[in-house]
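# Close look at the chain arrangement
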Amino acid sequence: MGNKKVTRLVVIAMMAAISYVLLLFSFPILPGFTFLKIDFANVPILITMLIYGPGPGIAATAVAGLLDVVTKDSSLVGIIGIVANFMATMCFALPIYYAVHKHMAEGIRKQIRYVIRGIILGTILMAVFMSLANLFVLLPLYFKLVSFEINLSTLKMVLYGVLPFNLIKGAIVGVVTGIIYGRMVPWLQSRFQTAKH
């Protein structure tokens, strides 16, 4: 039992570290909205959730975010970015987890159907939730802290920037997640069965 707990902690820590490294390779995808950057840090978080459940996935996300704050930007602006990333990750990953986790023992063809459903739902949830969060909380707070004028209203920034960004991000990260998931199904199934005991 002790060895299983140690292995679990090591895997969670490793996934958090991989997620943190992937955060370093973020890049903008929308002209004029360079502060909105895409990364693939959600992929190891999702794998963690599929193996051990949402709790460890949430913990791995928090650790990766903490590492990012400590090593890159510990200012309030940096913390806002990490909080936003945490919320987006949860909105995207949790629907995929709940769509798939009861069907881990089924064949790959059936599982892919649930993965696609989860990705679509996660993308929509992430886009809607992050649009509302940015409209009413994150962007007003961000612009108050950085103290500079912009030509667009907060609503237009959400409609032209945040909303399409999250839809595009969900699609791109979803495709990558689907490809990696398809290749890892046998290993995930064995780990899932082990984690249940």
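Refer to the structure printed above.
Residues numbered from 1 in each chain as written. Predicted model: local features only at pLDDT ≥ 70, side-chain atom pairs only at ≥ 80, totals over all residues. Heavy atoms only, no water.

### Structural notes on the overall build of the protein chain
Each helix and strand in the protein chain was counted, giving 6 helices and 2 strands. Along the protein chain, from the amino end to the carboxyl end, the secondary structure elements read α-β-β-α-α-α-α-α. Here the protein chain has a C-alpha radius of gyration of 17 Å; the compact-globule value for 197 residues is 16 Å, and the two agree. Principal axes of the C-alpha set define a box for the protein chain whose edges measure 55 × 35 × 25 Å. Looking at the protein chain residue by residue over its 197 residues, the buried ones come to 43%. Residue pairs at least 24 apart in sequence account for 74% of intrachain contacts in the protein chain once pairs closer than 6 positions are excluded. Counting only carbon and sulfur atoms, one obtains 71% of the accessible surface of the protein chain, whose full area is about 10500 Å². (Helix = DSSP H or I, 4+ residues; strand = E, 2+ residues; numbered from the N terminus. Rg over C-alpha atoms; globule rule 2.2 N^0.38 Å. Buried < 20%, exposed > 50% of the residue type's maximum accessible area, 1.4 Å probe, protein only. Contact = heavy atoms within 4.5 Å. Areas by Shrake-Rupley, 256 points an atom, 1.4 Å probe, with all protein chains shown as cover.)

### Focus on the pattern of salt bridges
Evaluation of the coordinates by the stated rule reveals 1 salt bridge. Between Lys 72 and Asp 68 there is a salt bridge, with its nearest N and O atoms 3.4 Å apart. (Salt bridge = Lys/Arg side-chain N within 4 Å of Asp/Glu carboxyl O.)

### Observations regarding the environment of Lys 156
Residue placement: Lys 156 occurs in helix H6 (residues 154–196). Given the relative accessible area of 41%, Lys 156 is considered partly exposed. Spatially, the C-alpha atom of Lys 156 lies 30 Å from that of Ile 96, the residues being 60 residues apart in sequence.

### Details of the packing of aromatic side chains
Pairs of aromatic rings are described using the distance from one ring centre to the other and the angle between the two planes. For the structure shown, the criterion picks out 4 aromatic pairs. Ring centres of Tyr 142 and Phe 143 lie 5.4 Å apart, and the angle between their planes is 70°; this geometry places the pair in the edge-to-face category. Relative accessible area serves as the criterion here: at 13%, Phe 143 is assigned to the buried category. Members of the aromatic cluster, each reached through a chain of ring pairs, are Phe 33, Phe 35, Tyr 142 and Phe 143. The ring of Tyr 114 has Arg 113 sitting right over it, with the charged end atom 5.5 Å from the ring centre. (Phe/Tyr/Trp six-rings, centres within 6.5 Å; stacked < 30°, edge-to-face > 60°. Lys NZ or Arg CZ within 6 Å of the ring centre and 35° of its normal.)

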